[in-house]
There are 2 protein chains.
Amino acid sequence: MAPRTCSVANALDVVGERWSLLALREVFFGNTRFDQIVANTGASRDVLTVRLKKLVATGLLEKHQYSEHPPRHEYQLTDTGRALHNVFLMLKEWGDDYVTQGPLPLVYQHSCGHVLEPRVVCAHCGEEATLESLSRAGEPTH
Amino acid sequence: MAPRTCSVANALDVVGERWSLLALREVFFGNTRFDQIVANTGASRDVLTVRLKKLVATGLLEKHQYSEHPPRHEYQLTDTGRALHNVFLMLKEWGDDYVTQGPLPLVYQHSCGHVLEPRVVCAHCGEEATLESLSRAGEPTH
DNA sequence: CGAGGTGGGTTGGATTTGCCAACTCACTGA
DNA sequence: TCAGTGAGTTGGCAAATCCAACCCACCTCG
């Protein structure tokens, strides 16, 4: 029996390896150079090299030269990479609420002026997309 | 230099290992028994055993006996576990949009009647919490 | 010029993690 | 008794990760 096909599994094939999401976190934070990512994530250099290569190859990051002499590169988000920020936010929210103990290392303020409390809502009605509020929508879209 | 503390890293310490999120996916879908999770995820039995034990130990799942003769167990979500559904939804959304090719394996309908299009919004103002709309909120909360 | 620093890797060996096939145990029913 | 079910457990191997050291190109400064 073959395991189920699933977009979550497909997504994890791309970003589920150790250090990938934390590398992206650093780029979200504006730290785009190799050594910054190494230092802030704790990843070993060889694994991070492989991870960044894959994130570039799968279209989440682009490698840009920011200095010709000496040649220096940084990693920039693509739209695909930026779209993962939603996952990052919800993972951070869960980590804040249920894992991290003591003072929160990072608190965001939203542009409306309040401390950010992120919610996942339905784009149509604005109500929360809770587990209980969802049903399968019949046939898969073709 | 020590890597940064971060709730995302803390969260990944709990659910970032191979198969953990997919095991939870099965429980979200209502498949709560060991063999169902094995079959639908593709995880090997020994790794899944270890993963489920950890998800129970860290409070995301509870192991309940559903049959005394013979003794049979199932895994149920706790509130902590259920709260990860938001991460699941945003990961699925990203996977749907950027990774999965061809027909989507699963499409949700929201209780409002529309096909679900999940968004991450600020609970206060209802506007989207985009990367650009966030700033650090000064000192960490104590 | 040489030493030291920066950026971004690469390498070999050790350790850890995951996979696989087979096995185990308890229990049930024919 | 045998076969099936549920839920693991085990030994061996493959793959992934870690770690320390090294490498190369380039630059600056004494």
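All of these numbers come straight from a predicted model, not from anything done at the bench. (Residues numbered from 1 in each chain as written. Chains lettered and ligands numbered in written order. Predicted model: local features only at pLDDT ≥ 70, side-chain atom pairs only at ≥ 80, totals over all residues. Heavy atoms only, no water.)

**Some thoughts on the overall build of chain A**
Here comes step 1: Each helix and strand counted, chain A has six helices and five strands in total.
Here comes step 2: Listed by position from the N terminus, the elements making up chain A come as α-α-α-α-β-β-α-α-β-β-β.
Here comes step 3: A globule of 142 residues ought to have a C-alpha radius of gyration of about 14 Å, yet chain A, at 18 Å, is considerably larger.
Here comes step 4: Taken across its 142 residues, chain A has 46% of its residues classed as buried.
Here comes step 5: Counted over contacts in chain A with a minimum sequence separation of 6, partners at least 24 positions apart contribute 39%.
Here comes step 6: As displayed, chain A has an accessible area near 7,100 Å², and 48% of this comes from carbon and sulfur atoms.
Here comes step 7: When the 14 positive and 17 negative side-chain charges of chain A are each reduced to one mean point, those points stand 8 Å apart. (Helix = DSSP H or I, 4+ residues; strand = E, 2+ residues; numbered from the N terminus. Rg over C-alpha atoms; globule rule 2.2 N^0.38 Å. Buried < 20%, exposed > 50% of the residue type's maximum accessible area, 1.4 Å probe, protein only. Contact = heavy atoms within 4.5 Å. Areas by Shrake-Rupley, 256 points an atom, 1.4 Å probe, with all protein chains shown as cover. Lys, Arg positive; Asp, Glu negative; His and termini not counted. Charge placed at Lys NZ, Arg CZ, Asp CG, Glu CD.)

**Details of the protein's contact with DNA strand C**
Here comes step 1: Lining the immediate environment of DNA strand C, one finds 19 residues, of which A:R45, A:R72, A:H73, B:W19 and B:R51 sit closest.
Here comes step 2: Per the 4 Å cut-off to the protein, sugar and phosphate atoms form 65% of the nearby atoms of DNA strand C.
Here comes step 3: Between DNA strand C and the protein, one listed contact pairs a phosphate oxygen with a backbone N or O atom of A:F34 at 3.2 Å.
Here comes step 4: Within the side chain of B:R18, a nitrogen or oxygen atom sits 2.9 Å from a phosphate oxygen of DNA strand C.
Here comes step 5: Grouping the amino acids of the surface near DNA strand C by side-chain chemistry returns six nonpolar, four polar and nine charged. (Near = heavy atom within 4 Å. Polar contact = N/O pair within 3.5 Å; in protein donor to acceptor, adjacent residues only side chain to side chain. Nonpolar A, V, L, I, M, F, W, Y, C, P; charged D, E, K, R; others polar.)

**Some points on the UniProt feature "domain: HTH hxlR-type" (unreviewed entry) in chain A**
Here comes step 1: Residues annotated in UniProt with the feature "domain: HTH hxlR-type" (unreviewed entry) correspond here to residues 6-103 of chain A.
Here comes step 2: The distance separating the terminal C-alpha atoms of residues 6-103 of chain A is 36 Å; by composition the span is 60% helix and 13% strand. (UniProt positions renumbered as here; feature names shortened; annotations may be inferred.)

**Details of helix 4 (residues 45-57) of chain B**
Residue and element names in this part refer to chain B.
Here comes step 1: Its 13 residues place the ends of helix 4 18 Å apart at the C-alpha level, agreeing with the 18 Å of an ideal helix rising 1.5 Å per residue.
Here comes step 2: Here helix 4 has its buried residues at L48, R51, L52 and L55. All buried residues of helix 4 lie within an arc of 100° about the axis, which places them on one face of the element. Exposed and facing more than 90 degrees away from the buried side of helix 4 are D46, K53 and A57.
Here comes step 3: Buried residues in helix 4 make contact with helix 1 (7-15), helix 2 (20-28), helix 3 (34-41), strand 1 (61-67) and strand 2 (72-77).
Here comes step 4: Downstream of helix 4 by one or two residues, G59 has phi in the positive range, about 90°. (Expected span 1.5 Å × (residues − 1). Arc of directions from axis to C-beta.)

**Focus: the protein's contact with DNA strand D**
Here comes step 1: Residues in close proximity to DNA strand D total 19 residues, the closest being A:W19, A:R51, A:H69, B:R72 and B:H73.
Here comes step 2: The share of sugar and phosphate among atoms of DNA strand D within 4 Å of the protein is 64%.
Here comes step 3: A:W19 places a polar side-chain atom, nitrogen or oxygen, 2.7 Å from a phosphate oxygen of DNA strand D.
Here comes step 4: Contact between DNA strand D and B:R72: a base oxygen at 3.1 Å from a side-chain N or O atom of the residue.
Here comes step 5: Elements with a minimum of two residues in the surface near DNA strand D: helix 4 (45-57) of chain A together with helix 3, helix 4 and strand 2 of chain B.
Here comes step 6: Partitioning the surface near DNA strand D into residue classes produces six nonpolar, four polar and nine charged.

**Remarks on the packing of helix 6 (residues 85-99) of chain A against helix 1 of chain B**
Here comes step 1: One way to put it is that helix 6 of chain A packs onto helix 1 of chain B with a least axis distance of 8 Å and a crossing angle of 80°. On the basis of their axis angle, the class for helix 6 of chain A and helix 1 of chain B is roughly perpendicular. On the side of helix 6 of chain A, the interface is formed by A:F88, A:L91, A:K92, A:W94, A:G95, A:D96 and A:V99, while helix 1 of chain B contributes B:S7, B:V8, B:N10, B:A11, B:L12, B:V14 and B:V15.
Here comes step 2: Residue classes in the contact of helix 6 of chain A with helix 1 of chain B are distributed as nine nonpolar, three polar and two charged. (Axes fitted to C-alpha atoms, helices over the stretch in contact; angles between N-to-C directions. Parallel < 35°, antiparallel > 145°, perpendicular 65-115°, else oblique.)

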